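Per-entry structural report
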Amino acid sequence: MMRRLRRAERSRRKLLLRALTEESVKAPALCGPMPSLDLAWELLARVESRSPKALDRMLSHPYTGSWAGYTIRLLRAGIDGVCPLWVHLGHLHALAAAAAIRAGLEFRAEVPVWDGNVMLPSLGMARVACASPFSVAVVGGGPGRYMIGNGDSVVAIPSQPVDGPDWWGIRRVRVSVDTRRFTLRLDDLDPYRGLYEPVPPQRLPGAELDDWRRLIDEACQLIVRHSPAFAGSMPVGLDSLVPKPRVLFRNPSASTGEAFGSAVVGRPTDGAALASTLIHEFQHIVLGGVLHLVRLYDDDPRERIYVPWRDDPRPLSGALQGVYAFFGVAAFWRAVASADGASRRAAFEFAYWRRQSWHTLRELRADPVLTDAGRRFLDGIAERLGPWQNDPVPADIAELAAVTTEDHRAGWRVRHLRPSPAVVTELADAWTAGRVRPPVTVDVADLPPTPVPDGSWSRARVDLVRLALTPADLAELSDVWQTVPGATGADLAYASGRYLDAARGYRAELFADPDRPSSLVGLGLALRAGGPHPAARALLHRPELVRAVHRRLRDGHGEAPAIEDIASWIGRLVSE
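What comes next is a walk through the structure. (Residues numbered from 1 in each chain as written. Predicted model: local features only at pLDDT ≥ 70, side-chain atom pairs only at ≥ 80, totals over all residues. Heavy atoms only, no water.)

Strand order in the open sheet formed by five strands is 8-9-10-12-11, and the pairing between neighbours is mixed. The strands lining the two open edges of the sheet, one partner per strand, are strand 8 (171-177) and strand 11 (253-254). In this structure, strand 8 lies alongside strand 9 (residues 180-186), joined through seven bridges in antiparallel fashion. Among the inter-strand pairings, Arg171 is bridged to a residue of strand 9, identified as Leu186. Relative to the sheet, helix 4 (residues 62-77) contacts strand 9, strand 10 (240-244) and strand 12 (262-266), its axis offset from that of strand 10 by approximately 75 degrees. (Pairing = 2+ DSSP bridges. Helix = DSSP H or I, 4+ residues; strand = E, 2+ residues; numbered from the N terminus. Contact = heavy atoms within 4.5 Å. Axes fitted to C-alpha atoms, helices over the stretch in contact; angles between N-to-C directions.)

To continue, consider helix 21 (residues 563-570). Taking burial as the measure, the eight residues of helix 21 include six buried ones, the bulk of the element. Among the residues of helix 21, Ile563, Glu564, Ile566, Ala567, Trp569 and Ile570 are the ones counted as buried. For helix 21, the elements touching its buried residues are helix 13 (421-432), helix 17 (499-512), helix 18 (517-529), helix 19 (534-541) and helix 20 (543-555). (Buried < 20%, exposed > 50% of the residue type's maximum accessible area, 1.4 Å probe, protein only.)

Now for the side chain of Thr488. Along the chain, Thr488 falls in the loop between helix 15 (471-480) and helix 16 (489-495). With relative accessibility at 16%, the residue Thr488 sits in the buried group. When sequence neighbours within four positions are dropped, the list of residues in contact with Thr488 reads Trp481, Glu509 and Arg516.

It is worth spelling out the packing of aromatic side chains at this point. The full count for this structure, using the stated rule, is 14 aromatic pairs. Aromatic pair Tyr70 and Tyr192: ring centres 6.4 Å apart, planes at 55 degrees, arrangement tilted. One end of the pair, Tyr70, is in helix 4; the other, Tyr192, is in the loop between strand 9 and helix 6 (206-226), with 122 residues separating them in the sequence. Note on accessibility: Tyr70 and Tyr192 belong to one class, buried. For Arg127, the ring lying beneath its charged end belongs to Trp168, and the centroid distance is 4.2 Å. If you follow Arg466 out to its NZ or CZ, it ends over the ring of Tyr352, 5.3 Å from the centre. (Phe/Tyr/Trp six-rings, centres within 6.5 Å; stacked < 30°, edge-to-face > 60°. Lys NZ or Arg CZ within 6 Å of the ring centre and 35° of its normal.)

Here it is as structure tokens:
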């Protein structure tokens, strides 16, 4: 399937290049100091005649797609981008020149220069002297003697992907595991490697490059050992990584459908984290290719769906992407967790992601925005993901995964759901009147979620829970917890299993700031750990209502009650 998707992407990009060429020819002034794009098209035709593989390689390059999509949007809007429009249009000459070099042609072409950098996609970047931020250089020659110059500088292009004087080559990492071969570019140069707009080069220091090589080797070893199906298809569908700095306690990554074959990845802590991330982004890449061929849903930009991997409501398109990506993540951790000597971390990640993916999948399958093809697609995932919900995992790990899931969902509710003002007023009036029980109208349907959050959210609790998964880690937790962004003493107590201390800590946080979402949910979790509790039910299942009523009472005259008292009162009519 991956090879078919690759062929489809090449065809799509070829059509985009032709559309760009034809539209630019209608207004020659758009090319500025660069020659007509027809000349680039003619050079590409020569490449195809000499070496079809060289043309296919250029069309398959991930950033050919991201450049084409970005530039055609600028062209049709008649606006400049990060650079003048002629620089973006002129990048086609650079693509053609890179393909001509790979084909071994004798040629001469003019290419754009941005801040002294001349990019030849998939090959590398020359650095030339220039007085203006945007200018033109010449690239040309023949096999073994290709050069880039602009009158002030001349740079020889190495015949191998290595660095040279005023030349940075695209670095590659090659890994062999049994019969499997992985080749990944670490592209820190191409201006179109970013997700949204062109970016300048950010060359990796040597020590970080060595770290990436080690991590990629470890990740590929794990993927071959535990996920042979991914090991067979991933080398075809994922061939370029954009390395980003490490973010503590996070594995940030992203990709875009236009850059088929590439992922932006933050440097992880170990090979297992990278393996999980590579599979996650590979799934996004696959689905992006499928969506260029098949319509799985009708257009619906409304941000309305809860997903456990984001703190904001998502449109159906984003939710579906996440389900498919984390279905892959769950598959990886399931295989790792079932291996001999598997860690508690692997069991937790499997239990967590199978549960999260399944919850969102069940919601999406009933969504009317799906097409028939979209329903069949999700049904296929459900056939595999559904039975995984019954796979055995240690009871305490299953409980951790369930509680962590509940933690995030309650935090989403309190920040993105707005209860009906009429219900809030009715409850506040009933409390003020001294009613023993709240009105039976408490459990009403929610208003649609709003993408504008009411308060910030901290993921510190789940970070600490992960750190405490083994006894050794738990012993060290008191030494390292302050390195976790946003962590509080109450979070540490909760992750350490000291639930009474955690409840006292969260009460103190709420006394200082009764609106803080993480403290509201944390108190609910700590109270519930001691057994059934009406305040815990309200804080975990209707936290937005508890906070809204408490706010209304604070806005009135007199001293407001403790928010825990309001939660206990409302919780009498809230079920688990």
